[in-house]
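Next come the chains, spelled out residue by residue.
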Amino acid sequence: MKSIHSPHLRLLVLAAALLAFPLVFSSPFYRDIGVTFLLAAISASAWNIVGGYAGQVSVGHSMFFGLGAYTPLLFYTLFGWSPLAGIPVGIVLSVALAVVIGTPTFRLTGHYFSMATIAVAELIRIFVGTWDLVGAAIGLQGPAVARGWWDLTFRSELPYYYIFLAVLAVVLLTTATIERRRFGFYLRAIKASERAARSLGVPVRRTKLQALALSAAFTSVAGSLYACKTGFIDPDSGFGILVSVQMVIVAALGGAGLLFGPLLGAAILIPLQTATNTWFGGGGSGLTYILYGGIIVLIARFEPGGLFELWHRVRAMRRRPARAA
Amino acid sequence: MPDCGGRQGRRGRAQQPMVVVQVIVGGLLLGAIYALFSSGLTLIWGMMNFINFAHGEFVMLGMYVALLTVVWLTGGPAIFAVAAAVALAALGVAIYFSLIRHVIRGPMLAQILSTFGLALLLRYAAFFVFSANFRSLPPNALSGTINLAGVYLPVAQLVAGVAAIALTLALHLLLTNTTVGSKLLAVAEDRTAAMLMGIRPDRMQALAWGLSAGAAGIAGALMATAYPWSPTVGETFGLIAFVVVALGGFGSVLGSLYAGLIIGLIQAVSAYWLGAIYKDIVVYGLFVALLWFRPQGLMGKA
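Residues numbered from 1 in each chain as written. Chains lettered and ligands numbered in written order. Predicted model: local features only at pLDDT ≥ 70, side-chain atom pairs only at ≥ 80, totals over all residues.

**Here's the deal with the overall build of chain B**
Of the regular secondary structure elements, chain B holds 12 helices and 3 strands. Taken against the 2.2 N^0.38 rule, which gives 19 Å for 302 residues, the C-alpha radius of gyration of chain B at 19 Å falls within 12% of a compact globule. Its C-alpha atoms give chain B principal-axis dimensions of about 65 × 45 × 35 Å. For chain B, buried positions account for 53% of its 302 residues. Relative to all contacts within chain B whose residues are 6 or more apart in sequence, the contacts with residues 24 or more apart total 78%. (Helix = DSSP H or I, 4+ residues; strand = E, 2+ residues; numbered from the N terminus. Rg over C-alpha atoms; globule rule 2.2 N^0.38 Å. Buried ≥ 20, exposed ≤ 12 C-beta atoms within 10 Å, placed from the backbone. Contact = placed C-beta atoms within 7 Å.)

The structure is reproduced here in C-alpha cells:
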C-alpha cells in the first residue's frame, strides 16, 4: 500500500537478497542449502503451473524430473556428450510424456489425473530400475572431472547457485507473464469451475494440456540441473514418489497458484529439512517424511491456500480494528 | 491333510501343468484379497466422489494390528482378523470426523493433499515404529500347506482368499439388500434429498469410512497370514487398489470383486512367465491402457 511496500521495491529486495546470499554466507554448508533451496523452488514453481494455477494436482511429477535427470547423464555415459546436449532431449521427452498422460486423463475429473500421474511415475521408476541400458537399480554417473565449462561439473557450489538462480528467474518470469495473459485467466477459470469455464468458451482440455506440457518442460530442466549438480542419478532420486511429494508440499505450503508461493515454501521447508536431517541423522528413520506428511495434512485441513493466504488474512484482521478506531 | 512340503519339494514333485494351475489358483486367491480392500476404496469413491490415497496404508496398518494382536494377546486368526477390522474401522471414522469432513467441500488441492499427506504420515510412522524390516506372522492355526487334487496351497492363502471373497460379497449385499445400505446409497445419490428423508448424511459418510477402512484392515490381516510385509507395502497396495477400481468401475463393489480377481491372476501369470520384477509393471501398464481406452471401467457405464 505505502511506497515502502511497493511490489517493485519488494521484488528488488528479494532479487538482491538472492544474489547476495552465497557471498554473505560463503561456507559450503550454507551455499549447499542455497542451491537445494533454489532447486526445490524451481521444481515447485514448475509444478505450480499445472498443479497450482490450473488446479490439476499431479502427484507424479517425478516422471518429468527423472526424465530430465536421466537423459543428460545417459548421453554422457553412452556417447560422452556434454550434459547440455541431453537437457533439450529431456524436455522433448517430458513434453511428449505429458501429452500421452494428459490426453486421456484430462477428459475425466481431477482425481483420475492424480491417480494416473502417481501410477505412471511408479511404472517408470520400476521400469527404469530393471533396464540395464540406463543403469538399472544402480543408476548413472555424470562426468567425474569437468572437461570444460560445458560439462556443468564444478567444484564450487557458486556456479550452480547462479545457474539455478537464472533458471528460477526464467520460470518465475514465464509464470508471471502467463498470469497476465489470457492463458492465465483460462487456467484460473478452469481451477474455479471446469464446467463454468467450458460454458464460457474456454478450451478446457487444450489449456490443461498446454499447462501440463509447460510444467513438464520446466520440471525436466530442474531434473537435469539436479543430475548435473550431484553428478549421479538412480531410480529413487529421479523417479521416486518423494521427489513428487516435495514439489507438491513446497508449493502448497507457500501457496499453490501464487507466483511466489513455491519460493516461500522452499524457504521454510529446505532449512527445516536440513535441520531435521542433522538432528535425527539422515533420512534413515523416515522422520523427515513423517514431518512432510504431517505438514501436508495440516495445510489441507486448515490452510489449503498456504501460508501466503494465512498471512493476508492475519494482516486483514489486524488492519480492520485499526481502521475502525 | 496338511502337507508340509517345502517350496523346492513342491516344484520338483509337481508336473508342469500342475504348476500352472497352482500359479492361477494362487493368483486368484491373492486377487480375492485385492478385491476386498479395493471394494473399500470404491465405496468411498461412489459415496463421496473422493479418492483415498491412504487406502493402501490402511491395509498395511491392518497387517501390523494383526501382528500386535498375535504377539501381545496371542490371539488366533479369528481374533486378529476381527481386531484389525475393528481398529481400522475406528481409525476410518476418526479420520472422517477430524479430516475428511472438513476438506470434502474444499478445493480439489485440499482433498487430494489431505489423504496423500495422511498416507505419508502413516507409512513413515509405521516405518519409524516397526523399522523397515520385513515381518510375517508367527506360526498359527493357518500354517502349513494343503493338497487339493495335486495342487499344493498354503492353508493361510486358501482361507484368506475364500474369506475375502465372502466378505466382499457381504459388503455388496449390505449395500444392495439392507436398510443401512439403502441409506448409504441415498446419501451418495443426493445428499440434500437424503437429509430431507430423515437420513443424517454425516453419519452415513462416517459409516462408509468405517466400512471402507475396516475392509482394508481385515484384508491386511488376512494377507498377513500368508505373505510377509514391510511398512512400505501400502504404496503398492494403494496403487493396486486404483487399478482394480479403475478396471471394475468407480463405485461398484461387485465390479471390484471381478477386477480384483483378474488383477491377481494377471500378476501371478506375468510373475510366472516374465519374472517377478515385471508383475507390477504389467499391472500399472494395464492401468495406463485402461485410462486410455476404457476410463469408465469394465462394469461402469459409458
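**Quick word on helix H5 (residues 108-130) of chain B**
Residues and elements named next belong to chain B. A rise of 1.5 Å per residue sets the reference length of H5, with its 23 residues, at 33 Å; its end C-alpha atoms lie 33 Å apart and thus fit the reference within 8%. Across the 23 residues that make up H5, a large majority, 18, are buried. Just past H5, the residue serine 131 takes up positive phi, approximately 65 degrees. (Expected span 1.5 Å × (residues − 1).)

**Quick notes on the pairing of strand S2 (residues 145-148) of chain B**
Residues and elements named next belong to chain B. When S2 meets strand S3 (residues 151-154), the two strands line up antiparallel, connected through 4 bridges. By the bridge assignment, asparagine 147 is partnered in S3 with tyrosine 152. Between S2 and S3, which pair antiparallel and follow one another directly, the connecting turn spans 2 residues, one of which, alanine 149, has a positive phi of 50 degrees. (Pairing = 2+ DSSP bridges.)

**What to know about the interface of chain A and chain B**
Residue-level contacts link 40 residues of chain A with 34 residues of chain B. When contributions to the side of chain A that touches chain B are tallied by element, the ones reaching two or more residues are helix H4 (83-105), helix H5 (110-130), helix H11 (241-254) and helix H13 (287-302) of chain A. Of the residues forming the side of chain A that touches chain B, the biggest block, 14 residues, is contributed by H5(A). Broken down by class, the residue content of the side of chain A that touches chain B amounts to 27 nonpolar, 10 polar and 3 charged. (Nonpolar A, V, L, I, M, F, W, Y, C, P; charged D, E, K, R; others polar.)

**Points about helix H2 (residues 16-48) of chain B**
All names here are of chain B. For H2, spanning 33 residues, the distance from its first C-alpha to its last is 48 Å, which sits close to the expected 48 Å at 1.5 Å a residue. By the largest-angle criterion, serine 38 marks the main kink of H2, which is about 25 degrees. Following H2 by one or two positions, asparagine 49 has its phi on the positive side, about 55 degrees. (Bend = angle between axes of the 7 residues up to and from the residue.)

**With respect to the confidence of the model for chain A**
Close inspection of predicted coordinates is inappropriate for parts of the model with low pLDDT. Residues at a pLDDT of 70 or more form 94% of chain A, whose mean pLDDT is 85. When pLDDT is averaged over each helix and strand of chain A, the minimum, 76, is found for helix H14 (residues 306-324) of chain A and the maximum, 93, for helix H9 (residues 204-230) of chain A. (pLDDT = per-residue confidence, 0-100.)

**Re the nonpolar core**
Formed by 210 residues in total, the largest nonpolar core has its most connected members in Phe164(A), Ile33(B), Ala84(B), Leu88(B), Ala164(B), Ala219(B) and Val243(B). Setting aside its immediate chain neighbours within four residues, Ile33(B) contacts Ala160(B), Gly161(B), Ala164(B), Ala219(B), Leu222(B) and Met223(B). (Core = buried A, V, L, I, M, F, W, Y, C linked by C-beta atoms within 7 Å.)

**Description of the packing of helix H3 (residues 55-73) of chain B against H5(B)**
Residue and element names in this part refer to chain B. With their axes 9 Å apart at the nearest point, H3 and H5 run at an angle of 25 degrees to one another. It follows from the interaxial angle that H3 and H5 lie roughly parallel. Where H3 crosses over H5, the two elements pack in a sense that is left-handed. Of the residues in H5, those in contact with Glu57, Met60, Leu61 and Tyr64 of H3 are Ala119, Leu122, Arg123, Ala126 and Phe130. For the contact of H3 with H5, the class distribution of residues is 7 nonpolar, no polar and 2 charged. (Axes fitted to C-alpha atoms, helices over the stretch in contact; angles between N-to-C directions. Parallel < 35°, antiparallel > 145°, perpendicular 65-115°, else oblique. Left-handed = near helix turned anticlockwise from the far one by under 90°.)

**Looking at the packing of helix H7 (residues 182-192) of chain A against H9(A)**
Residue and element names in this part refer to chain A. Here H7 crosses H9 at 110 degrees, and the two axes come no closer than 10 Å. As judged from the angle between their axes, H7 and H9 are roughly perpendicular. Facing H7, whose interface residues are Phe183, Tyr186, Leu187 and Ile190, H9 presents Val204, Thr207, Lys208 and Ala211. Classifying every residue of the contact of H7 with H9 gives 6 nonpolar, 1 polar and 1 charged.

**Here we look at the environment of Thr225(B)**
Residue and element names in this part refer to chain B. Relative to the assigned elements, threonine 225 resides in helix H9 (residues 201-226). Measuring from C-alpha to C-alpha, the distance between threonine 225 and glycine 46 comes to 30 Å, with 179 residues separating the pair along the chain. Setting aside anything within four residues of it in sequence, one finds threonine 225 in contact with Pro77, Leu137, Leu142, Ala156 and Ala160.

**What about unusual backbone geometry?**
Residue and element names in this part refer to chain B. Unusually for a residue other than glycine, asparagine 49 sits at a positive phi of about 55 degrees. On the secondary structure map, asparagine 49 appears in the loop between H2 and H3. Judged by C-beta crowding, with 14 C-beta atoms within 10 Å, asparagine 49 ranks as partly exposed. Non-glycine residue serine 131 carries a positive phi angle of around 65 degrees. Counting through the fold element by element, serine 131 comes out in the loop between H5 and S2. For serine 131, a count of 13 C-beta atoms within 10 Å corresponds to the partly exposed category.

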